[in-house]
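# Topology and contacts: notes
For reference, the chains in residue letters:
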Amino acid sequence: MKLIKKVIFVFSLTIIYVYVCNISMLPNNIILMQGETLNLNTIFGLNISSEAMQASSNLNHSIVQETGAMSVSLNLFNFLPVKDMTVNVIPETTVIPLGKAIGMKLYTDGVLVVGMSEIQGQKPYEGSGIEAGDTIVEIDNVKINSTNELIQCVNSSNGKSVEIKYISDEQEKTANIEPAKDSDNEYKLGLWVRDAAAGVGTLTFYEPSTGDFAALGHGINDVDTYELIQIANGELVTTNILDIIKGEDGSPGEIRGSIDNCITLGKINKNTALGVYGNITNSARLNLNNSKEMEVANRSEITTGKAEIMCELENGQIENYEIEIQKIFPENNSDNKSMLIKVTDDELIEKTGGIIQGMSGAPIIQNGKFIGAITHVLVNDSTTGYAVFADLMIKQMREVS
């Protein structure tokens, strides 16, 4: 009898644990495109309802047409409320796909720690908790915006301990470090830091109604820490394509470009895992063709088969090339690998070998609609890679506008 009670108790705890995990994993805020299906992975007994949608007992798998924000409730067996969520439905929109090669200059929010080194045999940073990938934002209550400001603050300490405020894993922390004097009689923390980054990629689209842009389809990571760079601001600039390094299986190719003597095209306001976003301030320089404006496709409209990408491989020449969409991952909202694609255009394969670095952000068109952008190449097959859904990029843009 005791064994049966114990089994029932353990089974009950397991069921409760499963329900608690499922509830906690559901987001507090959801962004949908108009006409998109509200599709949450809920388990038996968990239903979604909303007064704004006629108090439906279960909105999951419902197509949402009304735009704006609405509150929805998660209920257990239509009786016990367990969680409130907000659903923001953004209206259908049109964009101008571009495929233009561009440069980006990113300026960090604070300074990024990229490494450590001894100072005259000493390790001032040891035991501080600061690691590569962390961002220093203040020293002795003085905001740090650049490497030079950090150097000045540390030198002015004259060797006395300084209080450092830094961000690690999105949490604000503090540490105290006593600087060490180097061979030039300057005080150092033993930390290598960086306050800016630059790169070349592809401008995905421009939204005429807002003046906003999206690029890359993935974020820019630091070359040393591989962490997504947290930025204060940045510039979108022109680039001069210098060379195309053809990709091969096992060796990804590259578009090599220069941003020296560049012209500013716009301001970057966010570097995210789903792309770089901001506002165009010099639209005349983009030579926009308003006749190319098209609808953003809902992911349910995307099909396997033929599509086209747009990209610039020679200065001033944006061309369309054929690809094939091989697989679609319709429920993917967690990363930028929404579709598996393959380059089938002989001309593009001849020029680049397939997908190469710098083509990230190349817009994909199917049936006259913008459906997504290239994000990755498979190292073992340079003609094959991944792309992100257009709706994910629009949702990310709305979050940062």
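Look up: the structure comes first, before these words.
Every chain is numbered independently, its residues counted from 1 as its sequence is written. The predicted nature of this model means local features are confined to residues of pLDDT at least 70 and side-chain atom pairs, given and counted, to a pLDDT of 80 or more, with totals for whole chains, interfaces and linings taken over all residues. Heavy atoms throughout the structure, all of them, feed into the side-chain values; hydrogens and water do not.

## Some words on the overall build of the protein chain
Of the regular secondary structure elements, the protein chain holds 4 helices and 27 strands. Counting only C-alpha atoms, the protein chain reaches 70 × 70 × 40 Å along its principal axes. Residues counted as buried form 46% of the 401 residues belonging to the protein chain. Between two residues, a contact is recorded if the distance between any of their heavy atoms is within 4.5 Å. Put simply, of all contacts in the protein chain between residues at least 6 apart along the chain, 66% involve residues at least 24 apart. Accessible surface, the protein chain as shown: approximately 20400 Å² in total, 47% of it carbon and sulfur. Comment: elements are numbered from the N terminus, with helices defined as DSSP H or I runs of at least four residues and strands as E runs of at least two. Remark: exposure states derive from per-residue accessible area (1.4 Å probe, protein chains only) relative to the maximum for the residue type, with buried under 20%, exposed over 50%, and partly exposed in between. Each accessible area value is a Shrake-Rupley result obtained with a 1.4 Å probe; residue values ignore everything except the protein chains displayed when judging cover.

## Section: helix α2 (residues 147-156)
Among all positions in α2, only L150, C153 and V154 are buried. The buried residues of α2 occupy an angular sector of 95 degrees when the element is viewed end-on, so they sit on one face. Away from its buried face, by an angle of more than 90 degrees, α2 presents the exposed residues N148, Q152 and S156. Summarising the contacts, the buried residues of α2 are in contact with β7 (94-116), β8 (135-139), β9 (142-143), β13 (187-188) and β14 (191-207). Just past α2, the residue N158 takes up positive phi, approximately 55 degrees. Working note: the arc is built from the helix axis to C-beta atom directions.

## Some words on the side chain of T202
Among the structural elements, T202 can be located in strand β14. Since its relative accessible area comes to 2%, T202 is described here as buried. Leave out the neighbours within four places in its chain, and T202 touches G99, K100, I102, A215, L216, G358, M359, S360, G361 and A362.

## Some words on unusual backbone geometry
One non-glycine residue, D140, lies in positive phi territory at about 50 degrees. Mapped onto the elements, D140 comes out in the loop between β8 and β9.

## Things to note about the environment of D249
The residue D249 is located in the loop between β17 (240-245) and β18 (254-258) in this model. Judged by relative accessible area, which is 56%, D249 ranks as exposed. Every residue in contact with D249, bar those within four places of it in the chain, is listed here: V379, N380, D381 and S382.

## Points about the sheet that holds strand β23 (residues 317-328)
Strand order in the closed barrel made by the 6 strands is β22-β23-β24-β27-β26-β25, with antiparallel pairing throughout. Here the average twist between neighbouring strands, direction ignored, is 45 degrees. A pair of strands is considered paired only if DSSP assigns at least 2 bridges between the two. Bridge count between strand β26 (residues 369-378) and strand β27 (residues 381-389): 6 bridges; the pairing is antiparallel. The residue of β27 that forms the bridge with H376 is Y386. In this analysis an axis means a line fitted to C-alpha atoms, helices contributing only their contacting stretch, and an angle means the value between N-to-C directions, from 0 to 180 degrees.

## Details of the environment of N336
In this structure, N336 sits in the loop between β23 and β24 (339-343). A relative accessible area of 7% places N336 in the buried class. Considering only alpha carbons, one finds N336 and E301, 35 residues apart in sequence, at a separation of 18 Å. Beyond its immediate sequence surroundings of up to four residues, N336 is in contact with G217, H218, A273, L274, T375, H376, A387 and V388. Polar contacts, as used here, are pairs of N or O atoms within 3.5 Å; protein pairs need one atom able to donate a hydrogen and one able to accept it. Residues neighboring in sequence count only if both atoms are side-chain atoms. Polar contacts involving the side chain of N336 include one to the main-chain carbonyl oxygen of A273, which spans 3.2 Å.

## Focus on the nonpolar core
Judged by nonpolar contacts, the single largest core of 45 residues is most densely connected at I341 and I364. Other than its neighbours up to four places away in sequence, I341 contacts I323, E324, I325, Q326, I355, I364, I374, T383, T384, G385, Y386 and A387. By nonpolar core is meant a set of buried Ala, Val, Leu, Ile, Met, Phe, Trp, Tyr and Cys residues that side-chain atoms within 4.5 Å join together.

## Here we look at a nonpolar patch on the surface
Two distance rules govern patches: like charges are joined within 9 Å, and nonpolar side chains (Val, Leu, Ile, Met, Phe, Trp, Tyr) within 5 Å, applied only to residues with over 30% relative accessible area and no salt bridge. A pairing counts as a salt bridge when a side-chain nitrogen of Lys or Arg comes within 4 Å of a carboxyl oxygen of Asp or Glu. A cluster of nonpolar residues, F9, V10, L13, I16 and V20, forms a patch on the protein surface that exposes about 480 Å² of accessible area. Among the secondary structure elements, V20 is positioned in helix α1 (residues 2-25). A relative accessible area of 48% means that V20 is categorised as partly exposed.

## Here we look at the pairing of strand β16 (residues 231-238)
Sheet analysis places β7 next to β16, joined by 7 bridges and oriented antiparallel. In the strand pairing of β16, T108 is matched with I231. Taken together, the 4 bridges between β16 and strand β19 (residues 264-272) define a ladder with antiparallel strand orientation. Following the sheet pairing, E235 is matched in β19 by K267.

## Describing the pairing of β8
Each regular strand carries side chains that alternate between the two faces of the sheet. For β8, a buried count of 4 out of 5 residues is recorded, marking the element as mostly surrounded by other parts of the structure. Here β7 runs beside β8; their pairing, made up of 2 bridges, is antiparallel. Across the sheet, L112 pairs through a bridge with T135, a residue of β8. Across 4 bridges, β8 lies against strand β10 (residues 162-168) in antiparallel orientation. For I139, the partnering residue across the bridge sits in β10 and is I164. The pairing of β8 with β9 spans 2 bridges and is antiparallel. When the sheet's bridge partners are listed, I139 is paired in β9 with V142.

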